[in-house]
Amino acid sequence: MDPSEVEFLAEKEVVKIIPNFSLDKIYLIGGDLGPFNPGLPVDVPVWLALNLKQRQKCRIVPPEWMDVEKLEEIRELERKEDTFTPVPSPYYMELTKLLLNHASDNIPKADEIRTLVKDIWDTRIAKLRLSADSFISQQEAHAKLDNLTLMEINTTRSFLLDTLNCMYKLRSNLQPGSSGGKSQDHQ
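Conventions adopted
Sequence positions are assigned chain by chain, starting from 1 and proceeding in written order. Totals for whole chains, interfaces and linings use all residues, but because this is a predicted model, local features are given only for residues with pLDDT of at least 70 and pairs of side-chain atoms are given and counted only at 80 or more. Only hydrogens and water are removed before side-chain values are computed, so all heavy atoms of the structure are retained for them. For two strands to count as paired, DSSP must find a minimum of two bridges between them. We count a stretch as a helix when DSSP gives it H or I for four or more residues in a row; a strand needs E for two or more, and each element gets its number in order from the N terminus. With axes taken as lines fitted to C-alpha atoms, and helix axes fitted only over the stretch in contact, angles between N-to-C directions fall between 0 and 180 degrees. Residues count as neighbours in contact if any of their non-hydrogen atoms are within 4.5 Å of one another. Planes of paired rings set the category: under 30 degrees apart is stacked, over 60 is edge-to-face and the rest tilted, where pairs are Phe, Tyr or Trp rings (Trp by its six-membered ring) whose centres lie within 6.5 Å. A 1.4 Å probe rolled over the protein chains alone gives each residue an accessible area, and that area as a share of the maximum for its type sets the label: buried under 20%, exposed over 50%, partly exposed in between. For this classification, under 35 degrees means roughly parallel, over 145 means roughly antiparallel, 65 to 115 means roughly perpendicular, and everything else is oblique. Crossings are sorted by hand: turned counterclockwise from the far helix by less than a right angle, the near helix makes the crossing left-handed, and turned clockwise it makes it right-handed. Only Asp, Glu, Lys and Arg are considered charged in this grouping, and only Ala, Val, Leu, Ile, Met, Phe, Trp, Tyr, Cys and Pro are considered nonpolar; every other residue, Gly among them, is considered polar. Should a side-chain nitrogen of Lys or Arg be within 4 Å of a carboxyl oxygen of Asp or Glu, the pair is scored as a salt bridge.

Asks: Looking at this structure, how should I read the sheet that holds strand S1 (residues 14-19)?
Replies: Two pairing modes exist for strands in a sheet, parallel and antiparallel, and in both the strands are linked by backbone hydrogen bonds. Spatially, three strands are ordered S4-S1-S5 in an open sheet, and the strand pairing comes out antiparallel. Every interior strand has two partners, whereas the edge strands, strand S4 (42-45) and strand S5 (58-61), have only one. For this sheet the average axis-to-axis angle between neighbouring strands, irrespective of direction, equals 45 degrees. When S1 meets S5, the two strands line up antiparallel, connected through four bridges. Across the sheet, Lys16 pairs through a bridge with Val61, a residue of S5. Set on the sheet, helix H2 (residues 46-54) makes contact with S1, S4 and S5; between it and S4 the angle comes to about 105 degrees.

Dropping the structure here:
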């Protein structure tokens, strides 16, 4: 899965909008949306919220977690803990990027929020790299990936898979009965 596919999944997350138009309930394969009445909040997927925002048909209400104080708490907790702490949304990074790129005028303190989310991301990726290094150096056979998001896993996936494949090949060459260090790779 590449980052664009993860972003596609993030666009299915629900956000609240304040429409400035009237429309009866619409029936889509993914579920019913609406009705839309001016000034009354309604929950819609991010993809629709961004589309309506681009056409100046609504104002997007930022998710509850997209608040400076809450993000500062999350950042501090992430820095204190050795393990990965729960994140406010499984798509926190993608949602922040999408909403701040397309609706920053609807989000108070958008620049501070962008910086805080980047700090959280950097802290988590640094932890992930340290965990991967420890995992590899201790020659572990499995790892527990609690509280990681798809995008975070996706960031280190290729490196980790390549490393594990190399470790496997090295181990299989060191096994008794191997043919004198010759490669056992029959691909």
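Asks: What's the story with the packing of aromatic side chains in this structure? I'm lost.
Replies: The relative placement of two aromatic rings is captured by the distance of their centres and the angle of their planes. Tallied over the entire structure, the rule returns one aromatic pair. A ring pair is formed by Phe21 and Phe36, whose centres lie 5.4 Å apart and whose planes are at 25 degrees; its orientation type is stacked. Within this pair, whereas Phe21 is found in the loop between S1 and strand S2 (26-28), its partner Phe36 is found in the loop between strand S3 (31-33) and S4, the two being separated by 15 residues in sequence. Both residues of the pair, Phe21 and Phe36, belong to the buried class.

Asks: Sorry if this is basic, but what is going on with the environment of Asn37 here?
Replies: Positionally, Asn37 belongs in the loop between S3 and S4. For Asn37, a relative accessible area of 32% corresponds to the partly exposed category. For the pair Asn37 and Ile18, spaced 19 residues apart in the sequence, the C-alpha separation amounts to 8.3 Å. If near-sequence neighbours (up to four positions away) are discounted, Asn37 is found in contact with Pro19, Phe21 and Ser22.

Asks: Looking at this structure, how should I read the packing of helix H5 (residues 110-137) against helix H6 (residues 150-174)?
Replies: The geometry of a pair of packed helices is captured by two quantities: the angle between their axes and the separation between those axes. It is the contact of H5 with H6, at a shortest axis distance of 11 Å, that shows an interaxial angle of 15 degrees. Relative to H6, H5 is oriented roughly parallel. For the pair H5 and H6, the crossing hand works out as right-handed. Facing Trp121, Arg124, Ile125, Leu128, Ala132, Phe135 and Ile136 of H5, the residues of H6 in contact are Met151, Glu152, Thr155, Thr156, Phe159, Leu160, Thr163, Leu164 and Met167. In the contact of H5 with H6, the residues fall into 11 nonpolar, three polar and two charged.

Asks: Can you walk me through the pattern of salt bridges in this structure?
Replies: Pairing between side chains becomes possible if they bear opposite charge and their charged atoms approach one another. Going through the model one piece at a time under the given rule, you end up with 11 salt bridges. Between Asp43 and Lys16 there is a salt bridge whose closest N-O contact spans 3.0 Å. With Asp43 in strand S4 and Lys16 in strand S1, this pair connects stretches of sequence that are 27 residues apart. According to the relative accessible area criterion, Asp43 is partly exposed, its value standing at 43%. On the basis of relative accessible area, Lys16 is assigned to the partly exposed category, the value being 35%. Here Arg124 makes a salt bridge to Glu78, at a shortest N to O gap of 2.8 Å. Here Arg124, found in helix H5, pairs with Glu78, found in helix H3 (residues 68-80); they are 46 residues apart in sequence, far enough to count as distant. Like Glu78, Arg124 is buried. Salt bridges sharing partners connect three or more residues here, namely Arg75, Glu76, Arg79 and Asp119.

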